[in-house]
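# Examination of the molecular architecture
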2 protein chains.
Amino acid sequence: MRIEDTNKLLIDSGVRPLRKRALIYNYLLNKGNHPNVETIYLDLIKKEPTLSKTTIYNVLNLLIEKNLVQMIKIEGTEMRYDADVSPHGHFKCASCGRIFDFSIDESEHPKIPLEGFEIHQRHYYISGYCTDCAKAKLN
Amino acid sequence: MRIEDTNKLLIDSGVRPLRKRALIYNYLLNKGNHPNVETIYLDLIKKEPTLSKTTIYNVLNLLIEKNLVQMIKIEGTEMRYDADVSPHGHFKCASCGRIFDFSIDESEHPKIPLEGFEIHQRHYYISGYCTDCAKAKLN
DNA sequence: GTATCTGCAAAACATTTGCAATTCT
DNA sequence: AGAATTGCAAATGTTTTGCAGATAC
């Protein structure tokens, strides 16, 4: 996705499309993985040497508030960030560390046996071995 | 559960049933909630004044390794700990902060559309408002 | 008696905050 | 110009680590 299209998405959500904001959001949209702040920082300072981690935190928190990005808590102590806010699950491979997205059909969401509870968000996290690592283990 | 029974569980999992280990595991088993390290510490030093947080971290990491305890990452940056390692979900109330357990029937687990992946753990986290807070909001 | 465990203090990280400088319109 | 944003440095909060002393068997 081009920066201009990213700007448009920001404007549509009531966020002023500032240069560094758009850069960070564009990065998340295009990479499609689930980077931590460190990775975002190291990747982006190549093209934007004055970018700081504080700004990355600021922007991410803003984008989360505007529901353009979601936090993923699948790694140890750090947060991962995902520009795909549609309902989907995450699989973390315990061996290679990669995180895989998978879709969950609406009809497949487990019923929550909690009477009168109001559900806002669902997070489905799976851990185990991905195909590659499961195969490698057999050898 | 009595300490003697906790000791037995530890031995069955190949863990030497040391005094402070058993104390911490027994606490988690009996409380049945999802305390953070701070809460465990404050509760247990009442009866075991020489207990340190370092030991709590050490013991928890050992119990996790032995699959007697699982980490729950539903709060901001801190870890919560749960001695119930059977498959179940957690609901976090965004208003009062309480965490509720709920069971998920085996047949209800969503199918994971990832060919050849080996699943070890499933975490299902829901956030929203609990019944009490949902009602309070209406007033 | 020896290996293991514990606990203090310090280190290591991730994230937030205060505030002055910069940028945007 | 004026309001919002940025970035440095410091603060905060959680978890880990190094190592000396204590404990278990």
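Analysis parameters
Residues numbered from 1 in each chain as written. Chains lettered and ligands numbered in written order. Predicted model: local features only at pLDDT ≥ 70, side-chain atom pairs only at ≥ 80, totals over all residues. Heavy atoms only, no water. Axes fitted to C-alpha atoms, helices over the stretch in contact; angles between N-to-C directions. Helix = DSSP H or I, 4+ residues; strand = E, 2+ residues; numbered from the N terminus. Parallel < 35°, antiparallel > 145°, perpendicular 65-115°, else oblique. Contact = heavy atoms within 4.5 Å. Nonpolar A, V, L, I, M, F, W, Y, C, P; charged D, E, K, R; others polar. Near = heavy atom within 4 Å. Polar contact = N/O pair within 3.5 Å; in protein donor to acceptor, adjacent residues only side chain to side chain. Domains from an automatic or database assignment. Buried area = accessible area lost by both parts, 1.4 Å probe. Salt bridge = Lys/Arg side-chain N within 4 Å of Asp/Glu carboxyl O. 1 Å grid on protein atoms, 1.4 Å probe; cavity = no way out; pocket = protein on both sides within 12 Å on 5 of 7 lines; lining within 4 Å. Points joined across faces, edges and corners; volume = space filled by probe spheres on them.

Bringing the packing of helix H2 (residues 19–31) of chain B against helix H3 (residues 37–44) of chain B into the picture now. Residues and elements named next belong to chain B. Contact geometry for H2 and H3: axes closest at 11 Å, N-to-C directions at 105 degrees. The orientation of H2 with respect to H3, classified from their angle, is roughly perpendicular. Listed contacts from H3 to Leu23, Ile24, Tyr27, Leu28 and Lys31 of H2 are Thr39, Ile40, Asp43 and Leu44. Within the contact of H2 with H3, the residues separate by chemical class into six nonpolar, one polar and two charged.

It is worth spelling out the protein's contact with DNA strand D at this point. Close contacts around DNA strand D come from 18 residues, with Lys20, Arg21, Thr50 and Thr55 of chain A together with Tyr57 of chain B the closest. In DNA strand D, atoms within 4 Å of the protein come from the sugar-phosphate backbone in 78% of cases. Contact distances for DNA strand D include 3.1 Å between a sugar or linking oxygen and a side-chain N or O atom of Arg16 of chain A. For DNA strand D, a phosphate oxygen lies 3.1 Å from a polar atom in the side chain of Ser52 of chain A.

This part is about the domain arrangement of chain A. Residue and element names in this part refer to chain A. What the domain assignment reports for chain A is domain 1 (3–73) and domain 2 (86–138). Between domain 1 and domain 2, the C-alpha centre-to-centre distance is 24 Å. On the domain 2 side, the residues contacting the five residues of domain 1 number seven residues. For the domain 1 and domain 2 pair, buried surface summed over both sides reaches about 530 Å², with 50% attributable to carbon and sulfur atoms. Three residues, His34, Gln70 and Ile72, lead the burial of domain 1 against domain 2; their summed loss comes to 77% of the area buried on that side. Here domain 1 is connected to domain 2 by zero salt bridges.

A word on the layout of surface pockets. Its volume calculated, the largest pocket comes out at about 520 Å³. Going through the elements one at a time, strand E5 (118–129) of chain A together with strand E1 (70–72) and strand E5 (118–129) of chain B are the ones with two or more residues in the lining of the largest pocket. Residues belonging to the lining of the largest pocket are distributed by class as follows: 10 nonpolar, eight polar and four charged. Within this model, the second largest pocket holds a volume of roughly 350 Å³. Contributing to the lining of the second largest pocket are 16 residues, with Met71, Lys73, Gln121 and His123 of chain A together with Ser127 of chain B lying nearest its centre. Residue assignment for the lining of the second largest pocket shows that the elements contributing at least two residues are strand E1 (70–72) and E5 of chain A together with E5 of chain B.

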